[in-house]
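In case you want the letters, here they are:
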Amino acid sequence: MRLPSFRTIALSALIAGVAIAAPAYAKNPNVGGAPMYTTKNIVENAVNSKDHTTLVAAVKAAGLVDTLQGAGPFTVFAPTNAAFAKLLKGTVDTLLKPENKDKLTKVLTAHVVAGKISGAEMMKKARAMGGKYEMKTVSGDTLTAEVKKGKLYIMDESGGEARVTIADVNQSNGVIHVVNKVLLPK
């Protein structure tokens with residue numbers, strides 16, 4: 001019987017040590033009852049969320065599917081169906097009409113920031129900047145991240161405030177933060 005060499009034992013110990021010391025990565029959260037995969041892009045994941053059917057319909061109506069499937073990276077504040085339902089009655093139906101495509105595009109791109117910004121990063125920057133961190137959206141509007149009682153909120157230029165209900169849903173081309181209100185441009 002041949003005994004393993006010192007080199008083999010050392011290599012085995014090193015591999016075992018690396019496996020034990022490797023960080024544990026949190027699994028992406030389920031959103032709208034569906035798993036979100038880091039290997040899929042924003043649109044590929046969003047279409048599977050039962051909580052984001054209105055958002056997906058709006059993205060399609062605005063012609064933004066190709067953009068949000070692009071390389072990015074993007075940070076998207078994704079309103080739920082319940083968030084859209086809080087708008088004045090008939091607002092969503094009106095925005096989805098072909099003649100209102102420009103308005104719809106403006107509203108949707110006011111939810112998108114270039115780059116990939118985690119929830120923790122927004123909170124850290126807000127605390128470092130006196131409580132508020134401003135971000136320019138793709139539409140040219142400004143969103144402001146603020147921490148209140150340990151929770152992350154996003155404010156729009158119209159004075160609206162959305163709470164991030166699920167942060168850091170990582171995508172192949174960015175990150176989604178689920179919000180409970182539609183953010184409106186000025």
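Because the structure is predicted, anything quoted here is derived from the model rather than measured. (Residues numbered from 1 in each chain as written. Predicted model: local features only at pLDDT ≥ 70, side-chain atom pairs only at ≥ 80, totals over all residues. Heavy atoms only, no water.)

(A) View of the packing of helix α3 (residues 53-62) against helix α7 (residues 101-109). It is at 9 Å that the axes of α3 and α7 come closest, and there the two elements cross at 125 degrees. Here α3 is positioned oblique relative to α7, judged by the angle of their axes. Where α3 crosses over α7, the handedness of that crossing is left-handed. Contact residues: Leu55, Ala58, Val59, Ala61 and Ala62 in α3; Lys101, Leu104, Thr105 and Leu108 in α7. In terms of residue class, the contact of α3 with α7 is built from 7 nonpolar, 1 polar and 1 charged. (Axes fitted to C-alpha atoms, helices over the stretch in contact; angles between N-to-C directions. Helix = DSSP H or I, 4+ residues; strand = E, 2+ residues; numbered from the N terminus. Parallel < 35°, antiparallel > 145°, perpendicular 65-115°, else oblique. Left-handed = near helix turned anticlockwise from the far one by under 90°. Contact = heavy atoms within 4.5 Å. Nonpolar A, V, L, I, M, F, W, Y, C, P; charged D, E, K, R; others polar.)

(B) Structural detail: the sheet that holds strand β3 (residues 74-79). Judged by pairing direction, the sheet is mixed, and its 7 strands sit side by side in the order β4-β3-β9-β8-β7-β6-β5 without closing on themselves. At either end of the open sheet lies a strand with only one pairing partner, and these are β4 (112-114) and β5 (132-136). Within the sheet, the average angular offset between the axes of one strand and its neighbour, ignoring direction, is 30 degrees. (Pairing = 2+ DSSP bridges.)

(C) Layout of unusual backbone geometry. Following Gly72, the chain continues into Pro73 via a peptide bond in cis, with omega recorded as 5 degrees. In this fold, Pro73 is placed in the loop between α4 (65-68) and β3. Phi angles above zero are rare outside glycine, and Lys149 is one such case at about 50 degrees. By secondary structure assignment, the location of Lys149 is in the loop between β6 (142-148) and β7 (151-155). Using a relative accessible area of 88% as the deciding quantity, one classes Lys149 as exposed. Here the phi dihedral of Asp168 falls at roughly 60 degrees; this positive angle occurs in a residue that is not glycine. With respect to the helices, strands and loops of the structure, Asp168 is situated in strand β8 (residues 161-171). Residue class for Asp168 comes out partly exposed when judged on its relative accessible area of 28%. (Buried < 20%, exposed > 50% of the residue type's maximum accessible area, 1.4 Å probe, protein only.)

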